[in-house]
Amino acid sequence: MTNIAARNRRNKRAGARWESELRDELRAAGFDVERLRLSGAEDEGDHVVRREKPGRHRRFLIIETKNAKFEPGPFLNEALRERDNYARHRGLDPRDVEAVVIVRRRGANWRQAYVLSTVAEFFDLHPEAAP
C-alpha cells in the first residue's frame, strides 16, 4: 500500500470516529439522533436529529459532519442537497427539514466544533419570502 493510500485510510477512519463521537455525545445530551447511511447522489447527510417540540426550529435537522479542510461553500451546498434528498425520500415538506454542517475543530472537543448554516436556513427564510 502506498503512503497516500495509507494516509487516506487513516483519515477515513478518523472521520468515522468523529461522526460516531458526535452522535454518541449528542445522544448523551438528550437528543434523538440517528445515523443516516445512504451515499452518492441520493445521500441524505450523516445524521438526523428529530425534534418532538420543534419550537423555533424545524422538525428534522440534517447534520453533515466534516473532518476536513474548512470549505464552507461546498460543505453547505452538500448539506442543503442532502436535506432535500432526505425530505423527498420521506415525502416531507423540505420546509420541515433544516440542514447544518458540523466541522471538527482541530485540537478541540466535539462541543467546540463549528456549525455552519446559511442566513436563509438559520432564520427560516423560504424562497417565496424573498422580495
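Cut-offs and rules
- All residue numbers refer to position in the chain's written sequence, counted from 1.
- The predicted origin of the model limits local features to residues at a pLDDT of at least 70 and limits the giving and counting of side-chain atom pairs to 80 or more, whereas totals for whole chains, interfaces and linings rest on all residues.
- Hydrogens and water are ignored here; the side-chain numbers use all heavy atoms of the structure.
- pLDDT expresses, on a scale from 0 to 100, how confident the predictor is about each individual residue.
- What counts as a helix is a DSSP run of H or I of at least four residues, what counts as a strand is a run of E of at least two, and both are numbered from the N terminus.
- Here a cavity is any set of points on a 1 Å grid over the protein atoms alone where a 1.4 Å probe fits but cannot get out, and a pocket is any open set with protein on both sides within 12 Å along at least 5 of 7 lines; a residue lines the site when it has an atom within 4 Å of a point.
- Grid points are joined across faces, edges and corners, and a volume is the space filled by probe spheres set on the points.
- Throughout, the ten residues Ala, Val, Leu, Ile, Met, Phe, Trp, Tyr, Cys and Pro are labelled nonpolar, Asp, Glu, Lys and Arg are labelled charged, and all others, Gly among them, are labelled polar.
- A 1.4 Å probe rolled over the protein chains alone gives each residue an accessible area, and that area as a share of the maximum for its type sets the label: buried under 20%, exposed over 50%, partly exposed in between.
- A pair of strands counts as paired when DSSP detects no fewer than two bridges linking them.
- Seen with the strands pointing away from the viewer, any crossover whose path from the first strand over the helix to the second strand runs clockwise is right-handed.
- An axis is simply a line fitted to the C-alpha atoms; with a helix, the fit covers only the stretch in contact. Between two such axes, the angle follows the N-to-C directions and lies from 0 to 180 degrees.
- Salt-bridge detection follows one rule: a side-chain nitrogen of Lys or Arg within 4 Å of a carboxyl oxygen of Asp or Glu.

A residue-level look at the protein chain finds 92% of positions with pLDDT of 70 or above and a mean pLDDT of 87. Considering each helix and strand of the protein chain separately, the mean pLDDT is smallest for helix 3 (residues 119–122), with a value of 86, and largest for strand 5 (residues 114–116), with 96.

In this section: the layout of surface pockets. Using a probe with the size of a water molecule, rolled over the atoms, empty space left in the structure can be pinpointed. Reported here for the largest pocket is a volume of approximately 430 Å³. Broken down by secondary-structure element, the contributors of at least two residues to the lining of the largest pocket are helix 1 (3–28), strand 3 (60–66), strand 4 (97–103) and helix 3. For the lining of the largest pocket, the element with the most residues is strand 4, which contributes three residues. Looking at the lining of the largest pocket residue by residue, the classes come out as 12 nonpolar, two polar and five charged.

Turning our attention to the pairing of strand 3. The element strand 3 is largely enclosed, with a buried count of seven among its seven residues. With four bridges joining them, strand 2 (residues 47–50) and strand 3 adopt antiparallel strand pairing. The partner of Val-48 across the bridge, within strand 3, is Ile-62. In this structure, strand 3 lies alongside strand 4, joined through seven bridges in parallel fashion. In the sheet register, Leu-61 faces strand 4, and the bridge partner there is Glu-98. As for the winding sense of the linkage, the β-α-β connection from strand 3 through helix 2 (residues 72–90) to strand 4 is right-handed.

In this section: the sheet that holds strand 5. Overall, mixed pairing links the five strands, which are arranged 1-2-3-4-5 in an open sheet. In this open sheet, the two strands that pair with only one neighbour each are strand 1 (32–35) and strand 5. Each adjacent strand pair in this sheet contributes to an overall mean axis angle of 30°, direction not counted. Sheet analysis places strand 4 next to strand 5, joined by three bridges and oriented antiparallel. Pairing of Val-101 across the sheet is with Leu-116, part of strand 5.

Now for the pattern of salt bridges. Evaluation of the coordinates by the stated rule reveals 14 salt bridges. The shortest N-O distance in the salt bridge between Arg-23 and Asp-24 comes to 2.8 Å. According to the relative accessible area criterion, Arg-23 is buried, its value standing at 16%. Across the pair Arg-88 and Glu-42 runs a salt bridge whose closest N-O atoms are separated by 2.9 Å. With Arg-88 in helix 2 and Glu-42 in the loop between strand 1 and strand 2, the pair connects residues that are 46 residues apart, well separated along the chain. One network of salt bridges, with partners in common, ties together Arg-58, Arg-83, Asp-84 and Glu-121.

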